[in-house]
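Chain by chain, the residues:
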Amino acid sequence: MTTVRGARERARIEVTAAIKDEARRMVAAEGAAKLSLRAVARALGMVSSALYRYFPSRDELLTALIVDAYDSVGAVAEDADARAIAAGDPPRARWTAVCRAFRGWALEHPHEYALIYGSPVPGYSAPVDTVGPAARVGNVFIGIVRAAFEDRGLALPPLPAALRPEAARMTADFAEGLPPEVTAALIAAWAQLAGLVSFELFGQFDRVVEDRDAFFAHAAGQLAHGVGLPAA
């Protein structure tokens with residue numbers, strides 16, 4: 001009985017992976033808004049009712065793709081930071097290593113990047129299941145800045161008085177222990193990093209920035225400076 005159950009579980013894992021692979025192909029070709037369970041089933045030679053046993057709705061399949069993408073880029077960021085720590089790198093070097101890893105993942109996975117950081121999918125509302133995976137990259141940056149702060153190696157960025165209550169709220173929500181000045185700067189830096197990558201990925205840098213690697217390295221350093229990480 002155990003052997004039969006194991007075979008069924010393996011078969012389910014394989015079919016689930018095939019469904020998601022085909023869905024990713026369709027998202028890359030036509031965009032997430034046109035993702036259809038019937039089309040995925042047809043491409044795989046399945047009847048729709050069989051596919052519904054794996055993903056009861058388009059939104060559940062889309063959520064699975066989104067979670068996979070967030071986990072993929074999150075793992076890349078965490079690995080880059082772990083390697084920088086193992087090498088004895090200071091916080092600023094850890095920061096730039098993670099920025100490079102984030103950009104590298106985006107350039108290698110442009111359609112998955114667009115799915116999680118591009119335009120919202122009409123009619124889709126992300127469930128709570130996506131929150132943890134979505135926070136992985138941000139948590140890496142928070143950890144880097146927290147390490148610098150605890151080691152007294154962080155310069156506090158300026159913070160307008162009018163923004164302090166909101167910065168304090170954000171700190172309490174997801175960056176407990178950091179000064180509000182740093183939390184506000186972190187949010188701004190995260191948004192700017194995504195903007196830099198999006199501009200490169202979606203063509204806004206065409207005929208504007210030619211040496212993309214050098215430009216990105218400089219920009220990542222400026223973001224590190226903005227959150228208070230000192231230069232080496």
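Here the structure is shown first, and the text comes after it.
Residues numbered from 1 in each chain as written. Predicted model: local features only at pLDDT ≥ 70, side-chain atom pairs only at ≥ 80, totals over all residues. Heavy atoms only, no water.

> Before we move on, could you go through the overall build of the chain and cite the residues and values that matter?
Counting secondary structure elements, the chain contains 11 helices and 0 strands. In the chain, the order of α-helices and β-strands from amino to carboxyl end is α-α-α-α-α-α-α-α-α-α-α. Each principal axis of the C-alpha atoms in the chain carries an extent, and together these give about 60 × 50 × 40 Å. Out of the 232 residues belonging to the chain, those deemed buried represent 41%. Long-range contacts, defined as pairs at least 24 residues apart, comprise 69% of the intrachain contacts of the chain with a sequence gap of at least 6. Accessible surface, the chain: about 12,600 Å² in total, of which carbon and sulfur atoms supply 56%. Put simply, the chain has 24 plus and 27 minus side-chain charges, and the middle of one group is 6 Å from the middle of the other. (Helix = DSSP H or I, 4+ residues; strand = E, 2+ residues; numbered from the N terminus. Buried < 20%, exposed > 50% of the residue type's maximum accessible area, 1.4 Å probe, protein only. Contact = heavy atoms within 4.5 Å. Areas by Shrake-Rupley, 256 points an atom, 1.4 Å probe, with all protein chains shown as cover. Lys, Arg positive; Asp, Glu negative; His and termini not counted. Charge placed at Lys NZ, Arg CZ, Asp CG, Glu CD.)

> Pulling in residues and values, what's your account of the packing of aromatic side chains?
The tally for this structure, following the rule as stated, stands at 11 aromatic pairs. Note on tryptophan 95 and phenylalanine 141: the rings are 4.5 Å apart at their centroids and 50 degrees apart in plane angle, and the pair reads as tilted. A residue pair is termed long-range when its members are at least 10 positions apart, and tryptophan 95 in helix 5 (residues 91-108) and phenylalanine 141 in helix 8 (residues 136-150) qualify at 46 residues. Side by side, tryptophan 95 and phenylalanine 141 carry an identical accessibility label, which is buried. Between phenylalanine 102 and tryptophan 190 the ring centres are 5.2 Å apart and the planes differ by 65 degrees, which places this aromatic pair in the edge-to-face class. With phenylalanine 102 in helix 5 and tryptophan 190 in helix 10 (residues 180-201), the pair connects residues that are 88 residues apart, well separated along the chain. Judged by its relative accessible area of 1%, phenylalanine 102 is buried. Taken together, the aromatic side chains of Tyr70, Trp95, Phe102, Tyr113, Tyr117, Phe141, Trp190 and Phe202 make up a single cluster linked through ring pairs. (Phe/Tyr/Trp six-rings, centres within 6.5 Å; stacked < 30°, edge-to-face > 60°.)

> Explain the pattern of salt bridges to me, using residue names and the numbers behind them.
What the rule picks out here adds up to 15 salt bridges. Of the charged contacts, one joins aspartate 79 and arginine 83 as a salt bridge, the two residues approaching to 2.9 Å between their closest N and O atoms. On the criterion of helical spacing, the pair formed by aspartate 79 and arginine 83 is a turn pair, its members being 4 residues apart in helix 4 (residues 58-86). Residue aspartate 79 is classed as partly exposed on the basis of its relative accessible area, which comes to 40%. Via salt bridges that share partners, Lys20, Asp21, Arg24 and Asp68 belong to a single interconnected network. (Salt bridge = Lys/Arg side-chain N within 4 Å of Asp/Glu carboxyl O.)

> So what's going on with unusual backbone geometry? Which residues, and what values?
Located in the positive-phi region is arginine 152, a residue other than glycine, with phi close to 60 degrees. Positionally, arginine 152 belongs in the loop between helix 8 and helix 9 (164-174). Positioned with a positive phi, arginine 207 is a non-glycine residue whose angle comes to about 65 degrees. Within the secondary structure, arginine 207 sits in the loop between helix 10 and helix 11 (212-226).

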